[in-house]
Amino acid sequence: MNQILKIDKKYADSVTNLALDTLKNNKQALIFVNTKRSAEKCAEEISKKLKQPNNELLELSVNSLKAVQKPTKQCRRLSFCLEKGIAFHHASLHSKQKDLIESNFRKGNIKIICCTPTLAAGLDLPAFRAIIRDVKRYTGRGMQNIPVLEYLQMSGRAGRPSYDKYGEAILVSSSDSQKNNLIKEYVNGEPEDIYSKLAVEPVLRTYLLSLISTKVIQTKDQILNFFEKTFWAFQFKDMHKLEKTIIRMLKLLESWEFIQFTDNKFRATLLGKRIAELYIDPLTASEFVQALNKADENIKHIALLQLVSNTLEMRPLLRVKLKEYDDFQEELTKYENYFLSEEPSMFDAEYDFYLNSVKTCFMLNDWIEEKDDDFLMENYDAGPGIVRIKIETANWLLYALYEIARIQQRQNILKDIIKLKFRLKYGAKEELLSLLRLKNIGRVRARKLFRANLKNISDVKNAKPEVLTRIIGSKKLAEELLNQTGAKIEKNNNKRQLSDFS
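Residues numbered from 1 in each chain as written. Predicted model: local features only at pLDDT ≥ 70, side-chain atom pairs only at ≥ 80, totals over all residues. Heavy atoms only, no water.

1. As for the overall build of the protein chain
(1) Moving on: Looking only at helices and strands, the protein chain has 25 helices and 10 strands in total.
(2) Moving on: Overall size of the protein chain, expressed as C-alpha extent along the three principal axes, is 75 × 65 × 45 Å.
(3) Moving on: Taken across its 502 residues, the protein chain has 49% of its residues classed as buried.
(4) Moving on: Across the protein chain, every contact between residues at least 6 apart in sequence was considered, and the portion connecting residues at least 24 apart equals 68%.
(5) Moving on: Taken as a whole, the protein chain presents about 26,300 Å² of accessible surface, with 49% of it coming from carbon and sulfur.
(6) Moving on: Across the protein chain, the 82 positively charged side chains and the 65 negatively charged ones have centroids separated by 5 Å. (Helix = DSSP H or I, 4+ residues; strand = E, 2+ residues; numbered from the N terminus. Buried < 20%, exposed > 50% of the residue type's maximum accessible area, 1.4 Å probe, protein only. Contact = heavy atoms within 4.5 Å. Areas by Shrake-Rupley, 256 points an atom, 1.4 Å probe, with all protein chains shown as cover. Lys, Arg positive; Asp, Glu negative; His and termini not counted. Charge placed at Lys NZ, Arg CZ, Asp CG, Glu CD.)

Rendered as structure tokens:
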């Protein structure tokens, strides 16, 4: 059931009143807003209107703080809301916090979630109401109306069959004219057409290389016949233009030496086959190859971080804000001689993307320099969730870079990539790498050991149990560390190092 609720402008807390009405009826709701900060503020405003929490909610609040190693301001804000059975949900949250919120919403402990549209797809939650506060979102072209399909996705979260017989999707308006526009554009609006992803070049070249690599298609006729039967061709209709696009992609893959044409057949080269298995964009792989060709013996770790940040796979990148523009350009001049990816002209359309890749690179660099989540949030506006996503993506891309370097027999670079990958996983300086091979030792405990002059496994092995207990704060863990530094330590270390890299 769709509703357009007209709210007089003087009632600034209209959404809060809707949330309170939902609680009064013992129901649950999702409130969709257009930014992360709006989600947090909305949840906080609702929480302030509620009475003191019960013990079960207090425990939930504490668990949300334990989800991260060192709670940030955002974590403490979430904890305050959870005490009242209210939550916010967006990309900056740690994955453990997201899981905690979703599972407790299903249990009924959390009654209201204020969220960005990322929660609109793929989740079956017991929301009786979907309250859509914002139908505009910031894009590269300014504030734009969201698509009808996105509105339908958000509305579809209300009244799920497994939880309710019906639900209410509520669009909030501030005037009669806006109300009429919302009815016309969204309630009675036609959803946008769906287009094949093959029309996007990165997807096309990735699938084309994959299909050739697995020998599903090899000749020109096989390739054209295959794509002629796709949804892309059905939509495109002009097979002549489609053929031109495919041939251009084939020539591109051939120029990158990922495929070769012999005996009237396209075959993947050794490098091309591995790239298809890694499932990265061939353009990214080509840029990696070019970068490795120009890299010298003393490659800097920041150069590798910028290289993987300057890829399509890392998008969306951290955005350089207008007030930061000059600062990052100044920082760029300090490191440009180290970077392996070519800097575009300031007047090039890709320059902003390149500058964003530098900001993302600096954030990852600060992470491996042991800066905590509060620092990253304050300096990069990157919450724990976004940081972890970027770390995971960078690790995947570093593994792909390692495989390309291995095939090219760049032995001198392999050890640098392994070292950086290990540092990126634990967010630690190089001096802690030996200690991080110990089980149950992360960067915080490793730093405590290092400051106590226990700088490697041999130092830990020779330490007295009571000294280790005092440093680590746990007698049981101190005993485990001493056991690990026994005769089998090399075997255990090697096993952990391999698992870290896989």
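2. Re the nonpolar core
(1) Moving on: Core analysis: the largest hydrophobic core is formed by 77 residues, its most contacted members being Leu208, Ile223, Phe227, Ile246 and Leu424.
(2) Moving on: Excluding residues within four positions of it along the chain, Ile246 makes contact with Leu208, Ile223, Leu224, Phe227 and Trp232.
(3) Moving on: Judged by nonpolar contacts, the second largest core, of 48 residues, contains Val15, Ala19, Leu57 and Ile110. (Core = buried A, V, L, I, M, F, W, Y, C linked by side-chain atoms within 4.5 Å.)

3. With respect to the side chain of Thr485
(1) Moving on: On the secondary structure map, Thr485 appears in the loop between α24 (475–484) and α25 (489–501).
(2) Moving on: Residue Thr485 is classed as buried on the basis of its relative accessible area, which comes to 2%.
(3) Moving on: In this structure the side chain of Thr485 is engaged in a polar contact, spanning 2.8 Å, whose partner is the backbone oxygen of Leu482.
(4) Moving on: Beyond its immediate stretch of four places on either side in the chain, Thr485 contacts Leu438, Ile457, Val460 and Lys461. (Polar contact = N/O pair within 3.5 Å; in protein donor to acceptor, adjacent residues only side chain to side chain.)

4. A word on the environment of Gln306
(1) Moving on: Its place among the elements puts Gln306 in helix α14 (residues 301–309).
(2) Moving on: Through-space distance from the C-alpha of Gln306 to that of Val358 is 6.1 Å; in sequence the pair is 52 residues apart.
(3) Moving on: Apart from the residues within four sequence positions on either side, Gln306 is in contact with Phe339, Ser341, Tyr354, Ser357, Val358 and Cys361.
(4) Moving on: Separated by 3.0 Å, the side chains of Gln306 and Ser357 make a polar contact.

5. Details of the packing of aromatic side chains
(1) Moving on: Enumeration over the complete set of coordinates arrives at 14 aromatic pairs.
(2) Moving on: Here the aromatic rings of Phe226 and Phe227 are separated by 5.3 Å at their centres, their planes lie at 80°, and the arrangement is edge-to-face.
(3) Moving on: For Phe226, a relative accessible area of 34% puts it in the partly exposed group.
(4) Moving on: What makes Phe227 buried here is its relative accessible area of 1%.
(5) Moving on: Each ring, one from Trp232 and one from Phe236, has its centre 6.1 Å from the other, and the planes form 55°; the classification is tilted. In this pair, Trp232 and Phe236 are both assigned in helix α10 (residues 231–236), four residues apart and thus about one turn of the helix distant.
(6) Moving on: Look at Trp232 and you get buried, because its relative accessible area is 4%.
(7) Moving on: Judged by its relative accessible area of 34%, Phe236 falls in the partly exposed class. (Phe/Tyr/Trp six-rings, centres within 6.5 Å; stacked < 30°, edge-to-face > 60°.)

6. Some points on the side chain of Thr360
(1) Moving on: The topology assignment puts Thr360 in helix α16 (residues 351–368).
(2) Moving on: Within polar-contact distance, the side chain of Thr360 engages the backbone oxygen of Asn356 at 3.0 Å.
(3) Moving on: Residue contacts for Thr360: discarding those within four places in its chain leaves Ser309, Met314, Leu317 and Leu318.

7. Brief notes about the pairing of strand β4 (residues 112–115)
(1) Moving on: The alternating pattern of β4 places Ile112 and Cys114 on one face and Ile113 and Cys115 on the opposite face, and all of these are buried.
(2) Moving on: Both strand β2 (residues 29–32) and β4 contribute to a ladder of four bridges, which runs parallel. Bridge pairing in β4 places Ile31 opposite Cys114.
(3) Moving on: By the bridge criterion, four bridges tie strand β3 (residues 86–89) to β4 in an arrangement that is parallel. (Pairing = 2+ DSSP bridges.)

8. Considerations on the pattern of salt bridges
(1) Moving on: On inspection of all chains with the given rule, the structure shows 27 salt bridges.
(2) Moving on: Arg77 serves as the salt-bridge partner of Glu40, at 3.0 Å between the closest nitrogen and oxygen. One end of the pair, Glu40, is in helix α2 (residues 36–48); the other, Arg77, is in helix α4 (residues 73–82), with 37 residues separating them in the sequence.
(3) Moving on: Note on Glu40: relative accessible area 8%, which makes it buried.
(4) Moving on: Given the relative accessible area of 25%, Arg77 is considered partly exposed.
(5) Moving on: As a salt-bridge pair, Arg205 and Asp281 come within 2.7 Å of each other at their nearest N and O atoms. (Salt bridge = Lys/Arg side-chain N within 4 Å of Asp/Glu carboxyl O.)

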